[in-house]
Amino acid sequence: MKFPISEQIRGVHFPPISEVREWAASYQPTAGRDLIDLCQAVPDYPPAPELAVYLQGIVADPLTSKYSPDEGLPEVREAVCARYERIYDARISPRQLCLTIGASQAFWLAMTTLCRAGDEVIVPLPCYFDHPMALDILGIRPVYAPFDEATGGVVSLAVLERLITPRTRAILLVTPSNPTGVVTPPELIRGLHGLASRRGIALVLDETYADFIPGMPHDLFTSPRWGDHFVQIMSFGKTYALTGYRAGLLAASETFIHHALKAQDTMAVCQPRITQQAIRYGVEYLDGWVDANRQMMTRRHDRFREEFAAPGNPFRLVTSGTFFAWVRHPFTGRTGREVARRLVQEAGLLCLPGEVFGPGLADYLRLAFGNIREETIPVAVARFREFPTGSHGAGSPAP
């Protein structure tokens, strides 16, 4: 007898990064052609040295291995609130925060608190693939807003409003976008919040990469009633180069957090104390370090755009941001998966196919250049420029 597996989870695609890394395992590097990883958006630099020293000093503390309150240590949440006041001019209290096992768990908490099976969430394309995977597992229907290449994927209020139905529970937006890098303008975020408020639904913002853009991302937190119809998902994993620590956060109204803690307690209980202490140190002492890395990533992005968008590249840059580029490949009739696999085998380039970011996106690739150094960017771009296109164009045999 076969082991019973839920039909619902059988229909969810395998994690794309795991799939692509299986392709990479078979790559045989040649002289001067090591694999260049443009797949996963992970900072290539380590945590701040002073943070590493601090964490070494607290590992031996017996409290570090204990549970904390489900929502996180009060002193850590107070320190996070102080940083929100600096960055967002926020009116926020520790009771409006829940520390989570990465932004992915914060997303699950938000969706399980907002929705039940059969509800709908509006998801602009292209979207971060983990979000529809989670929605599908939960029995929540993602309603996709189409990608408009002319705007670089910046959403339209009118289009989103037309997608709202009686079953809609939320509009979900990632800004800066994963996979495109596009930053949603503050005035548009304000308009989205107004739309959500008028229609009695939630605006859920995933701001995992917000610390890599200058200035205040939006002004929603300045309102005394910001928690009405607004939920924020945040991660400090990219901010402080702590991706393996799973340093996420959910910000919402006190009432929302109160109910989300029911799921938190059954799912993870609490964020590990060592992660909480890493976050506390970061928000209290590393603003300058974070800003220096933001500027470095901006230089990498500028260098990438300059190299990639120069004439003669058969791959077309559609839009990009601090960590990501959204690229149209030149192979008519070929899927992103076919092209991405060829890029591994023939060019030593590892990237993600567009179709994993939503339906109708097989003409695209996502490049994550946040984890390659500036001096590697021209080498990577040269491989795209030199990639043979003649024998695998429209009507040619699949590779």
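Here the structure is a predicted model, which is why all the values come from computation and not from measurement.

**Q** Can you help me understand helix α10 (residues 273-285) in this one?
**A** Since the α-helix advances by 3.6 residues per turn, residues separated by three or four positions end up pointing in the same direction. With 13 residues, α10 should cover 18 Å at 1.5 Å per step; its first-to-last C-alpha distance of 18 Å lies within 8% of that length. For α10, the complete set of buried residues consists of Arg273, Thr275, Gln276, Gln277, Ala278, Ile279, Tyr281, Gly282 and Val283. Buried residues along α10 sit in contact with α3 (49-58), α4 (74-88), β2 (97-101), β8 (247-251) and α11 (287-309).

**Q** Looking at this model, I keep getting lost on the sheet that holds strand β6 (residues 202-206). Mind explaining?
**A** Working definition: the strands of a sheet are paired by backbone hydrogen bonds and lie parallel or antiparallel to each other. One open sheet holds the 7 strands; their spatial order is β2-β8-β7-β6-β5-β3-β4, and the pairing between them is mixed. Looking at which strands have only one partner, the edges of the open sheet turn out to be β2 and β4 (141-145). When the angles between neighbouring strand axes are averaged without regard to direction, this sheet yields 25°. With 4 bridges joining them, strand β7 (residues 230-235) and β8 adopt antiparallel strand pairing. Across the sheet, residue Met234 finds its bridge partner in β8, namely Leu249. Its contacts with the sheet place helix α6 (residues 130-138) against β3 (120-124), β4, β5 (168-174) and β6, and it is angled at close to 145° to β4.

**Q** How should I be thinking about the side chain of Asp206 in this particular structure?
**A** By the element assignment, Asp206 lies in strand β6. In terms of polar contacts, Asp206 uses its side chain to reach the side chain of His131, at 3.4 Å. Setting aside anything within four residues of it in sequence, one finds Asp206 in contact with His131, Leu173, Val174, Thr175 and Ile233.

**Q** How should the packing of helix α5 (residues 102-114) against helix α9 (residues 254-267) be read in this particular structure?
**A** For any two helices packed against each other, one specifies the inter-axial angle together with the distance between the axes. The contact between α5 and α9 brings their axes to 9 Å, and the two run at 120°. Overall, the two elements α5 and α9 adopt an arrangement that is oblique. Both α5 and α9 take part in a crossing whose hand is right-handed. Contacts from Gln105, Trp108, Leu109, Ala110, Thr112, Thr113 and Leu114 of α5 reach α9 at Phe256, His259, Ala260, Ala263, Gln264 and Met267.

**Q** Explain helix α8 (residues 186-199) here, please?
**A** Across its 14 residues, α8 extends 20 Å between first and last C-alpha, which sits within 8% of the 20 Å expected from 1.5 Å per residue. Three or more residues of α8 are buried, namely Leu188, Ile189, Leu192, His193, Leu195 and Ala196. All buried residues of α8 fall inside an arc of 160° around its axis, so they share one side. Of the exposed residues in α8, the ones pointing more than 90 degrees away from its buried face are Glu187 and Arg198.

**Q** Help me out: how do you make sense of unusual backbone geometry in this one?
**A** Comment: phi is negative for the bulk of residues other than glycine, and the bulk of peptide bonds are trans. A cis amide bond, omega -10°, links Leu125 with the succeeding residue Pro126. Along the polypeptide, Pro126 turns up in the loop between β3 and α6. Here Thr175 and Pro176 are connected by a cis peptide whose omega angle stands at -10°. Tracing the sequence through the fold places Pro176 in the loop between β5 and α8. Of note, Val269 is a non-glycine position whose phi angle comes to about 70°, a positive value. Following the sequence through the fold, Val269 ends up in the loop between α9 and α10. On the accessibility criterion, Val269 (22% relative accessible area) is partly exposed.

**Q** For this particular structure, what's the right way to read the pattern of salt bridges?
**A** Pairing is possible between side chains of opposite charge, provided their charged atoms come close. This model, assessed by the stated rule, comprises 24 salt bridges. Where Arg199 meets Glu161, a salt bridge forms, and the shortest distance between an N and an O atom there is 3.3 Å. Of this pair, Arg199 sits in helix α8 while Glu161 sits in helix α7 (residues 157-163); the two residues are 38 residues apart in sequence, bridging distant segments of the chain. Of the residues examined, Glu161 reaches a relative accessible area of 30% and is grouped as partly exposed. Between Arg303 and Glu307 there is a salt bridge whose closest N-O contact spans 3.2 Å. Of the two residues, Arg303 and Glu307 both sit in helix α11, 4 residues apart, roughly one turn of that helix. The class for Arg303 is partly exposed, based on a relative accessible area of 26%. Beyond isolated ion pairs, a larger network of salt bridges with shared partners links Arg83, Arg86, Asp211 and Asp287.

**Q** I tried to follow the packing of α5 against α6 on my own but got confused; where do I start?
**A** The interhelical angle for the contact between α5 and α6, taken along N-to-C directions, is 40°, at an axis separation of 11 Å. Between α5 and α6, the angle falls in the class oblique. The two elements α5 and α6 cross, and the hand of that crossing is right-handed. Contacts from Ser104, Phe107, Trp108, Met111 and Thr112 of α5 reach α6 at Asp130, His131, Ala134, Leu135, Ile137 and Leu138.

**Q** Just checking my understanding: could you explain the sheet that holds strand β10 (residues 324-328) for this structure?
**A** With antiparallel pairing, the 4 strands of this open sheet are ordered in space as β9-β10-β13-β12. The open sheet is flanked by β9 (316-320) and β12 (352-353), the only strands paired with a single partner. Relative to β10, β9 runs antiparallel, the two being bridged by 4 bridges. Note on β10: the bridge partner recorded for Thr319 is Trp326. Along the sheet, α11 contacts β9, β10 and β13 (364-368); its crossing angle with β9, the most-contacted strand, is approximately 155°. Against the sheet, helix α12 (residues 336-347) touches β12 and β13, its axis set at about 45° to β13.

Rules used throughout
- Residues numbered from 1 in each chain as written.
- Predicted model: local features only at pLDDT ≥ 70, side-chain atom pairs only at ≥ 80, totals over all residues.
- Heavy atoms only, no water.
- Helix = DSSP H or I, 4+ residues; strand = E, 2+ residues; numbered from the N terminus.
- Expected span 1.5 Å × (residues − 1).
- Buried < 20%, exposed > 50% of the residue type's maximum accessible area, 1.4 Å probe, protein only.
- Contact = heavy atoms within 4.5 Å.
- Pairing = 2+ DSSP bridges.
- Axes fitted to C-alpha atoms, helices over the stretch in contact; angles between N-to-C directions.
- Polar contact = N/O pair within 3.5 Å; in protein donor to acceptor, adjacent residues only side chain to side chain.
- Parallel < 35°, antiparallel > 145°, perpendicular 65-115°, else oblique.
- Left-handed = near helix turned anticlockwise from the far one by under 90°.
- Arc of directions from axis to C-beta.
- Salt bridge = Lys/Arg side-chain N within 4 Å of Asp/Glu carboxyl O.

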